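Here's the letter readout for the chains.
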Amino acid sequence: MSFIKFLGTAGARFVVMKQLRASGGVWLSVGKTNLYIDPGSGALVRCLSSKPKLEPSLLDGILLTHKHLDHSGDVNVMIEAMTEGGLKKRGVLFAPRDALEEDPVVLKYVMGYVDKIEVLKEGSEYRIGDIPFSTARKHRHQVET
Ligand SMILES: [Zn+2]
């Protein structure tokens, strides 16, 4: 069964820091593929407290649209959870280059836990299992988006 589960739709600093809305991001399940989009603060807690529980070790990948905290706050712990503490190297991380290189939000030791890192570029097509997706043009934002 395919589904989308919203674990938090908060954007903007104050909505996140006051948790006016949760900021966990989105779990997308299509066919046999599970992809997490923008694991903001609370993503792991929201997965594990979700009913039915969403098990991060079943994720095939994580997609960061950009590195702002409302989208990336839990990216490291979600990668750890996807890879069972880094003991099972697996999954794909999709992220813009600046989320990985300059002032990175993904810790270097955590980057080594995933099978593959795909740097997102504008106007490109990607696939993870049953989920094809494409990127639009770069948005005007303070960071690569
Ligand atoms: Zn942003």
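Here, every reference points to the structure presented above.
Thresholds, definitions, all that
Residues numbered from 1 in each chain as written. Predicted model: local features only at pLDDT ≥ 70, side-chain atom pairs only at ≥ 80, totals over all residues. Heavy atoms only, no water. Phe/Tyr/Trp six-rings, centres within 6.5 Å; stacked < 30°, edge-to-face > 60°. Helix = DSSP H or I, 4+ residues; strand = E, 2+ residues; numbered from the N terminus. Buried < 20%, exposed > 50% of the residue type's maximum accessible area, 1.4 Å probe, protein only. Pairing = 2+ DSSP bridges. Axes fitted to C-alpha atoms, helices over the stretch in contact; angles between N-to-C directions. Contact = heavy atoms within 4.5 Å. Donors = N, O, S within 2.8 Å, 3.2 Å for Na, K, Ca; no water.

Topic: the packing of aromatic side chains
Here comes step 1: One pass over the full model with this rule turns up five aromatic pairs.
Here comes step 2: Ring centres of F94 and Y126 lie 6.1 Å apart, and the angle between their planes is 80°; this geometry places the pair in the edge-to-face category. Here F94 is found in strand β5 (residues 92–96), whereas its partner Y126 is found in strand β7 (residues 125–128), with 32 residues between them in sequence. Taken as a pair, F94 and Y126 share a single burial class, namely buried.
Here comes step 3: Their ring planes at 80° and their centres at 5.8 Å tell us that Y109 and Y113 sit as a pair that is edge-to-face.

So, unusual backbone geometry
Here comes step 1: Residue P52 follows K51 across a cis peptide bond; omega there is -5°.
Here comes step 2: For P52, the location among the structural elements is in the loop between α2 (43–49) and β4 (61–63).
Here comes step 3: We note that D38 has phi near 55°; this positive angle belongs to a residue other than glycine.
Here comes step 4: Structurally, the position occupied by D38 is in the loop between β3 (33–37) and α2.
Here comes step 5: Given the relative accessible area of 9%, D38 is considered buried.

Some details on the sheet that holds strand β1 (residues 3–8)
Here comes step 1: Judged by pairing direction, the sheet is mixed, and its six strands sit side by side in the order β1-β2-β3-β4-β5-β6 without closing on themselves. The two strands at the open ends of the sheet, each matched to only one other strand, are β1 and β6 (116–120). Across the sheet, the mean angle separating the axes of adjacent strands is 20° when strand polarity is ignored.
Here comes step 2: Summarising the sheet, β1 and strand β2 (residues 23–30) pair through six bridges and their orientation is antiparallel.
Here comes step 3: Sitting on the sheet, helix α4 (residues 75–82) touches β3, β4 and β5, and the angle it makes with β4 is about 165°.

Here we look at the coordination of the zinc ion
Here comes step 1: For the zinc ion, every protein donor is listed as H66 (NE2), H68 (ND1) and H141 (NE2), and the spread of their distances is 2.1 to 2.2 Å.
Here comes step 2: When the donor residues of the zinc ion are listed from N- to C-terminus, their spacing reads H-x1-H-x72-H. Taken as a pair, H66 in the loop between β4 and α3 (69–72) and H141 in the segment after β8 (131–134) lie far apart in primary sequence, 75 residues in all.
Here comes step 3: A relative accessible area of 4% means that H66 is categorised as buried.
Here comes step 4: Overall, the relative accessible area of 39% leaves H141 in the partly exposed class.

Honestly, it's all geometry; don't read function into it.
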